[in-house]
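Examination of the molecular architecture
Read off the chains here:
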Amino acid sequence: MRTRMSPRHHTTVLGLLTAGALLASAGCAQQDDPAPVSAKPRTVQDVAGCAKGWTDPADLAPDRAPARCEKGAPAPKPLAEKKKLTIVAGTLSAEYVAPLVVAAEKGEFEKENLDVTLKVLPTPDALPLLAKGEIDAQWAAPEAAVMNGVNGGFDIKWVSGNFSPDPASKSGLWVRLKKGESADHVPMSGRRMGTMIGKGSVIAYPMDTALKKHGGGLDKVQFQQLGSADVLTALQNGGVDSAWLLDPVWRKVDGDPAYAFLGGQPLGEPLGGLLFGPSLLHDDVDAGVALLRAYIRTVNTYFAGDYKKDPSFVADLAKLLKTDEAVLKSTPSLRMDWEIRAGSTDRLQDAYRAAGVSEGDPVPEKKAVDRALYEEAVGHKG
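Residues numbered from 1 in each chain as written. Predicted model: local features only at pLDDT ≥ 70, side-chain atom pairs only at ≥ 80, totals over all residues. Heavy atoms only, no water.

1. Some points on the state of the cysteines
Applying the stated criterion to the full structure yields 1 disulfide. One disulfide bridge connects Cys50 with Cys69, the sulfur atoms lying 2.2 Å from each other. Because the sign of the S-S torsion sets the handedness, a value of about 110° for the bond joining Cys50 and Cys69 places this disulfide among the right-handed ones. Placement of the pair is Cys50 in the loop between α1 (19–29) and β2 (83–89) and Cys69 in the loop between α1 and β2, with a sequence separation of 19 residues. An identical accessibility class is assigned to Cys50 and Cys69; each is buried. (Disulfide = S-S within 2.5 Å. Helix = DSSP H or I, 4+ residues; strand = E, 2+ residues; numbered from the N terminus. Buried < 20%, exposed > 50% of the residue type's maximum accessible area, 1.4 Å probe, protein only.)

2. Description of the side chain of Ser333
The residue Ser333 is located in the loop between α10 (325–329) and β13 (335–336) in this model. Within the structure, the side chain of Ser333 is placed 2.6 Å from the side chain of Asp306, a separation counted as a polar contact. What Ser333 contacts, discounting residues up to four positions off in sequence, is Glu95, Asp166, Asp306, Tyr307 and Lys308. (Polar contact = N/O pair within 3.5 Å; in protein donor to acceptor, adjacent residues only side chain to side chain. Contact = heavy atoms within 4.5 Å.)

3. Here's the deal with helix α2 (residues 98–105)
Here α2 lies mainly inside the structure; 7 of its 8 residues are buried. Residues Ala98, Pro99, Leu100, Val101, Val102, Ala103 and Ala104 constitute the buried set of α2. Looking one or two places after α2, you find Gly107, whose phi comes out positive at around 75°.

4. What to know about helix α11 (residues 344–355)
Under the 1.5 Å per step criterion, the end-to-end length of α11 is 17 Å for 12 residues, consistent within 8% with the ideal 16 Å. Within α11, burial applies to Ser344, Thr345, Leu348, Gln349, Ala351, Tyr352 and Ala355. Taken end-on, α11 shows its buried residues confined to a sector of 160°, consistent with a single buried face. Summarising the contacts, the buried residues of α11 are in contact with α4 (144–151), β5 (157–160), α5 (204–212) and α12 (365–368). Two residues or fewer after α11 comes Gly356, characterised by a positive phi angle close to 75°. (Expected span 1.5 Å × (residues − 1). Arc of directions from axis to C-beta.)

5. What about the pattern of salt bridges?
Taken as a whole, this structure holds 18 salt bridges when the rule is applied. Ionic pairing is found between Glu181 and Arg191, a salt bridge with its closest N-O pair at 2.2 Å. Placement of Glu181 in the loop between β7 (172–176) and β8 (192–195) and of Arg191 in the loop between β7 and β8 is noted, with a sequence separation of 10 residues between them. Exposure class is identical for Glu181 and Arg191. Each is buried. By sharing partners, the salt bridges in this structure join Glu108, Lys111, Glu112, Arg293 and Arg297 into a single network. (Salt bridge = Lys/Arg side-chain N within 4 Å of Asp/Glu carboxyl O.)

6. Notes on the packing of α2 against helix α8 (residues 285–302)
The geometry of a pair of packed helices is captured by two quantities: the angle between their axes and the separation between those axes. Remark: α2 packs on α8, axes separated minimally by 9 Å, with the N-to-C direction vectors making an angle of 95°. Here α2 is positioned roughly perpendicular relative to α8, judged by the angle of their axes. Together, Pro99, Val102 and Ala103 of α2 and Tyr295, Thr298, Val299 and Tyr302 of α8 make up the contact between the two elements. Grouping the amino acids of the contact of α2 with α8 by side-chain chemistry returns 6 nonpolar, 1 polar and no charged. (Axes fitted to C-alpha atoms, helices over the stretch in contact; angles between N-to-C directions. Parallel < 35°, antiparallel > 145°, perpendicular 65-115°, else oblique. Nonpolar A, V, L, I, M, F, W, Y, C, P; charged D, E, K, R; others polar.)

7. Topic: the pairing of strand β9 (residues 222–225)
Relative to β9, β8 is paired through 4 bridges, and the arrangement is parallel. Each bridged residue has a counterpart across the sheet, and for Arg192 the counterpart in β9 is Gln222. Remark: the β8/α5/β9 crossover connection has right-handed handedness. (Pairing = 2+ DSSP bridges. Right-handed = clockwise from strand over helix to strand, strands pointing away.)

8. Let's talk about the sheet that holds β8
Strands sit in the order β9-β8-β10-β7-β11 across an open sheet of 5 strands; the sheet is mixed. A single partner strand is all that each edge strand has here, and the edge strands are β9 and β11 (259–264). Going from strand to strand, the sheet's axes swing by 25° on average, the running direction of each strand aside.

9. So, unusual backbone geometry
Glycine aside, residues mostly have negative phi angles, and peptide bonds mostly take the trans form. Following Ala73, the chain continues to Pro74 via a peptide bond in cis, the omega torsion being -5°. As for its placement among the helices and strands, Pro74 is situated in the loop between α1 and β2. Cis rather than trans, the peptide bond between Asp247 and Pro248 has omega equal to -10°. Tracing the backbone through its elements, the reader meets Pro248 in the loop between β10 (242–245) and β11. Its identity as a non-glycine residue notwithstanding, Asn113 has a phi of 65°, on the positive side. With respect to the element layout, Asn113 can be found in the loop between α2 and β3 (114–120). The class for Asn113 is buried, based on a relative accessible area of 17%. Within the chain, Lys322 stands out as a residue other than glycine whose phi angle is a positive 55°. By the secondary structure assignment, Lys322 is in the loop between α9 (311–321) and α10. Given the relative accessible area of 63%, Lys322 is considered exposed.

10. Things to note about the side chain of Asp136
Relative to the assigned elements, Asp136 resides in the loop between α3 (123–131) and β4 (137–140). Lys83 provides the closest opposite charge to the buried, unpaired Asp136, separated from it by 5.7 Å. Here Thr86 takes part through its backbone nitrogen, which lies 2.8 Å from a polar atom of the side chain of Asp136. Looking at Asp136, its side chain comes within polar contact range of the side chain of Ser279, at 2.8 Å. Leaving out residues up to four positions away in the same chain, Asp136 has contacts with Lys84, Leu85, Thr86, Leu130, Leu275, Phe276, Gly277, Ser279 and Leu280. (Lys, Arg positive; Asp, Glu negative; His and termini not counted.)

Interpretation in functional terms is not warranted from these geometric data alone.
What follows is the structure in structure tokens.
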């Protein structure tokens with residue numbers, strides 16, 4: 001049976017999430033003390049072709065190379081019985097979702113005897129369903145609402161990364177320069193920032209980092225949330241002083257001396273990926289590992305390097321994502337990466353606190369992150 005995909009819908013992946021509504025649902029999903037995967041010992045076997053399938057999560061060097069197995073690895077290990085899974089995402093047309101879409105198209109899920117349905121669902125709607133086991137996985141990020149939900153009892157963990165930007169990418173914070181200013185000296189305190197992304201997004205972390213380099217910070221700028229089509233216009237016409245510009249919008253101002261790029265997502269550090277709920281964390285861990293195995297194999301086979309150097313693949317990818325091929329080629333390839341760096345959720349929560357969108361005590365990493373499943377998929381016994 002071919003993997004099914006639902007129709008695309010136009011949704012905003014990184015909008016400000018309503019933590020209060022999510023926490024109100026948390027009571028329905030709360031467990032006294034959900035047993036972590038590590039509480040159920042599993043045998044981890046060597047995986048052919050994955051001798052370099054893991055790296056040190058504590059390595060935060062911006063030029064670090066992501067883990068890679070050989071093409072076609074890890075090999076499929078089909079489940080004894082077909083398992084139906086539902087994965088939701090805020091969009092199925094963005095480039096960072098491409099590994100899931102390609103895995104479905106190329107039959108990588110089927111090779112694991114998984115019958116996967118990909119659906120579009122906004123993050124606020126999906127989180128309670130994930131925590132209650134009504135959907136199996138979510139392609140999202142540990143945003144403020146996720147961390148607040150975990151604090152409120154949601155049985156959810158971040159189990160794999162997604163990507164980090166190419167060093168040539170300038171997706172991030174752009175500012176319109178005033179007289180006498182340069183990219184090296186732009187006082188940001190008190191400026192108005194236009195963004196389609198709310199303070200509760202993972203982008204709060206790199207945004208805060210970039211602002212602080214210039215005397216600003218999330219608590220020292222005025223936010224103006226705008227639609228995706230309005231952010232650039234507002235920056236150009238003076239409606240805002242600065243803006244967080246995503247791919248490929250930043251190309252419109254790149255090279256214009258009136259604007260300066262101040263920073264984007266940290267190089268070498270994924271800030272999103274797959275979130276699992278109880279159905280794959282506890283009820284059927286084999287299926288969870290199989291899903292990650294298919295995802296990792298897709299990365300190694302189709303996204304291991306600069307995948308945009310292959311014109312044929314770019315053409316196919318543009319059709320799958322329902323985007324213009326020229327637009328897809330206008331930005332550098334993403335560095336697809338299934339691993340999760342040490343301390344990412346701590347740094348994210350620092351930014352959420354600075355933005356005033358976190359609730360309760362900080363969530364320790366062990367309560368929000370589980371690397372055991374992707375490590376098992378590539379045969380890492382450490």
